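# Inside the fold
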Amino acid sequence: MIHRSFAKISVAGFLLLSASGFTALVSAQTTSSQMDGLKLSNDQPIQIESDALEIREAEKKAFFTGNVKVVQGTTTLQAGSMTVLYRGEGTTVTQGNADIEKIDVMDKVFLQSETQQATADKGYFDMTKQVFVLEGERVVLSEGQNVFVGCKLTVQMNSGQAKLDSCGRRVQIQLDPKSQKSN
């Protein structure tokens, strides 16, 4: 078990989320969009900072707590806490050779990639299925003046296909006509 007042680790093979424009299909309950830039990239290093780090090798888990900040390329993820689940014999998060299975983030999640931002209460990255999900009372996805609000955002990392659910309410979208590219 490792505790540090400031944990900073570089691990290759997390994920890279980059921004692209939104193309929204508006409906009352669900919004789907193609986000071609939200794709996985395993070739960039990642930096993780937190107030404390606890590694449980036997359980293949790493717990980052307090002011967690993850940076990879142009993408930044912030949360109150993050749990990394990994697999494989002889692998460890601290040596950078962990085969990451799932990442859970909680406590005011903020995700930014170039021009896009998303906020949620919690989320997870399922590396096996190549899916990330952000959930909460109010999940907000924005790019400039374009804003999408729901309760659950699901993104297929391989394709960039995204879906915003309303969870019994209505999806809200605010689009700025000035943000559209001229032909």
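These lines cover the structure that appears in this document, whether it is placed above or below.

### A short note on the environment of valine 140
- Of note, valine 140 is situated in strand 10 (residues 131–143).
- Overall, valine 140 belongs to the buried group, its relative accessible area being 18%.
- Here the alpha-carbon distance between valine 140 and cysteine 151, two residues 11 residues apart in the chain, equals 8.1 Å.
- Those residues within four positions of valine 140 in sequence are excluded, and the remaining contacts are Gln117, Ala118, Thr119, Val147, Phe148 and Val149.

### Points about the state of the cysteines
- Considering all chains together, one arrives at 1 disulfide under this definition.
- Bridging cysteine 151 to cysteine 167, the disulfide has an S-S length of 1.7 Å. The disulfide joining cysteine 151 to cysteine 167 has a torsion of about 85 degrees about its S-S bond and is therefore right-handed. A residue pair is termed long-range when its members are at least 10 positions apart, and cysteine 151 in strand 11 (residues 146–156) and cysteine 167 in the loop between strand 12 (161–165) and strand 13 (172–174) qualify at 16 residues.
- We classify cysteine 167 as partly exposed; its relative accessible area is 48%.

### Points about the pattern of salt bridges
- The final tally for this structure, using the stated rule, is 7 salt bridges.
- One salt bridge in this structure joins arginine 56 and glutamate 54, with 2.7 Å as the shortest N-O distance.
- A residue is classified by how much of its surface remains accessible, and arginine 56, at 32% relative accessible area, is partly exposed.
- Judged by relative accessible area, glutamate 54 falls into the buried class, the value being 16%.
- One salt bridge connects glutamate 137 with arginine 169, and the closest N-O pair in it is separated by 3.0 Å. Here the residue glutamate 137 occupies a position in strand 10, and arginine 169 occupies one in the loop between strand 12 and strand 13, the gap between them amounting to 32 residues.
- The exposed category is assigned to glutamate 137, whose relative accessible area is 56%.

### What to know about the side chain of glutamate 54
- Mapped onto the elements of the fold, glutamate 54 is located in strand 5 (residues 52–56).
- Among the polar contacts listed, one links the side chain of glutamate 54 to the side chain of arginine 56, at a separation of 2.7 Å.

### Section: unusual backbone geometry
- One non-glycine residue, asparagine 67, lies in the positive phi region at around 50 degrees.
- On the secondary structure map, asparagine 67 appears in strand 6 (residues 61–72).
- For asparagine 67, a relative accessible area of 59% translates into the label exposed.
- A positive phi angle is found at glutamate 114, which is not glycine, with a value near 50 degrees.
- Checked against the element boundaries, glutamate 114 lands in the loop between strand 8 (99–113) and strand 9 (116–126).
- The exposure class of glutamate 114 is partly exposed, given its relative accessible area of 46%.

### What to know about the pairing of strand 11
- The buried count for strand 11 comes to 8 of 11 residues, which makes it a mostly enclosed element.
- Sheet topology note: the strand 10/strand 11 ladder contains 10 bridges and is antiparallel. In the strand pairing of strand 11, leucine 134 is matched with leucine 153.
- Examined bridge by bridge, strand 11 and strand 13 share 3 bridges and lie antiparallel to one another.

### Things to note about the environment of aspartate 104
- Here aspartate 104 lies in strand 8.
- Overall, the relative accessible area of 21% leaves aspartate 104 in the partly exposed class.
- Sequence separation of aspartate 104 and glycine 123 is 19 residues, and the distance between their C-alpha atoms is 6.0 Å.
- When residues no more than four places from it in sequence are discounted, the contact partners of aspartate 104 are Ser81, Met82, Thr83, Leu85, Gly123 and Tyr124.

Cut-offs used in this document
- All residue numbers here refer to positions counted from 1 along the written sequence of the relevant chain.
- Totals for whole chains, interfaces and linings use every residue, but because this is a predicted model, local features are given only for residues with pLDDT of at least 70 and side-chain atom pairs only at 80 or more, for both listing and counting.
- Side-chain numbers here rest on the full set of heavy atoms in the structure, without hydrogens or water.
- Only DSSP runs of H or I reaching four residues or more are called helices, and only runs of E reaching two or more are called strands; each is numbered from the N terminus.
- Throughout this description, buried means an accessible area under 20% of the type-specific maximum (1.4 Å probe, protein chains only), exposed means over 50%, and partly exposed covers the range between.
- Should any heavy atoms of two residues lie within 4.5 Å, those residues are considered in contact.
- A pair of cysteine sulfur atoms is labelled a disulfide when the two atoms are within 2.5 Å.
- The term salt bridge refers to a pairing of a side-chain nitrogen on Lys or Arg with a carboxyl oxygen on Asp or Glu at a separation within 4 Å.
- A 3.5 Å cut-off defines polar contacts: any pair of N or O atoms within that distance qualifies, except that in protein one atom must be a possible hydrogen donor and the other a possible acceptor, and neighbouring residues in sequence count only when both atoms are side-chain atoms.
- Whether two strands pair depends on DSSP finding at least two bridges between them.

Keep in mind that these numbers describe shape and distance, not what the molecule does.
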